[in-house]
Amino acid sequence: MPRLTTDTRAQAQRVAAELFATRGYEQTSLSEIAGRLGISKAALYYHFRSKGDLLRSLVEPFVTDIEALSADLPAEPRATLEAFFDLCYRHRAILLGIVRDVAVLNELKIVDWIIAWRTRIDVALAGPTTADRVRAVVALGGLQDTLILFADDPELATTIRAEAVDAALRALGVPPA
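Residues numbered from 1 in each chain as written. Predicted model: local features only at pLDDT ≥ 70, side-chain atom pairs only at ≥ 80, totals over all residues. Heavy atoms only, no water.

**Some words on the overall build of the chain**
Note the following rule: Numbering goes from the N terminus for both helices and strands, where a helix is a DSSP run of H or I of at least four residues and a strand is a run of E of at least two. For each residue, the accessible area found with a 1.4 Å probe, counting protein chains only, is set against the maximum for its type, and the residue is called buried under 20%, exposed over 50%, and partly exposed in between. Note on contacts: a residue pair qualifies if any of its non-hydrogen atoms lie within 4.5 Å across the two residues.
Each helix and strand in the chain was counted, giving ten helices and zero strands. C-alpha extents for the chain along the principal axes are approximately 60 × 35 × 25 Å. Sorting the 177 residues of the chain into buried and exposed places 43% on the buried side. Summarising the internal contacts of the chain: among those between residues at least 6 apart in sequence, 65% fall at separations of at least 24.

In structure tokens, the structure reads:
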């Protein structure tokens, strides 16, 4: 086995994120991750107590970023939607992994948390009525779906981003400027 470097933890996270995004959490084993890294499974356990611990380490930056965004939302809908798109873009591997294997939400016990932050953003973005929140759900859900369905498109961060944000604004009833 190769000697471990100080980057082993980060390398394991990159490999796991890639595998979780392409194959799903349940279909990816720690042995497979260790094999891709050229280390033993025991060496991987040095960095992560379990596969769930590895998953949590991948989701924590997303949780931190979404909490920061939802605590300090931009005043303008376009800026909020762009910030949300950019945040989800940075964490798209995690989003892909969740879509491929929704069991990770139960593994992490974050379903209630997701509903809470989405509700905060929905209300801040569109308003508290059911009709307002439906528009916000369509807008934000559409942005996330765009990131998932166009994940490999080289224009995702540019042209597609602009089109997606404009479409989300229309869903909110705000004319794109």
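**Some thoughts on the side chain of K51**
What counts, and what does not: Residues scored as positive are Lys and Arg, those scored as negative are Asp and Glu, and His as well as the terminal groups of each chain are ignored. A side-chain nitrogen of Lys or Arg and a carboxyl oxygen of Asp or Glu constitute a salt bridge if their distance falls within 4 Å.
You can see K51 is positioned in helix 4 (residues 51-71). Of the side chains with opposite charge, E26 comes closest to the buried, unpaired K51, at an N-O distance of 4.9 Å. In this structure K51 touches F20, Y25, E26, T28 and L30, once residues within four positions along its chain are discounted.

**Remarks on the pattern of salt bridges**
Per the counting criterion, the structure on display carries eleven salt bridges. The closest approach of N and O atoms between D65 and R90, which form a salt bridge, is 3.6 Å. Of this pair, D65 sits in helix 4 while R90 sits in helix 5 (residues 77-90), placing them 25 residues apart in sequence. With relative accessibility at 53%, the residue R90 sits in the exposed group. Here D122 makes a salt bridge to R118, at a shortest N to O gap of 3.7 Å. Here D122 pairs with R118, and both are found in helix 8 (residues 111-126), just four residues apart, close to one helical turn. On the accessibility criterion, D122 (2% relative accessible area) is buried. Put simply, R78, E82 and D166 are held in one network by salt bridges that share partners.

**Here we look at the packing of aromatic side chains**
Counted only if it meets this: In this analysis, rings of Phe, Tyr and Trp, with Trp reduced to its six-membered ring, are considered paired at centre separations within 6.5 Å, and the interplanar angle assigns stacked below 30 degrees, edge-to-face beyond 60, and tilted for intermediate values.
Counting across every chain of the model gives five aromatic pairs. Seen in terms of ring centroids, F20 and Y25 are 5.2 Å apart; in terms of plane orientation they differ by 65 degrees. Their pairing is edge-to-face. In this structure Y25 comes out as buried when scored by relative accessible area, which is 3%. Ring centres of F62 and W113 lie 6.5 Å apart, and the angle between their planes is 80 degrees; this geometry places the pair in the edge-to-face category. With a gap of 51 residues between them, F62 in helix 4 and W113 in helix 8 connect regions that are remote in the sequence. W113 shares its class with F62; the two are buried. In textbook terms, an aromatic cluster arises when at least three aromatic residues are bridged by ring pairs, as seen for F62, F84, W113 and W117.

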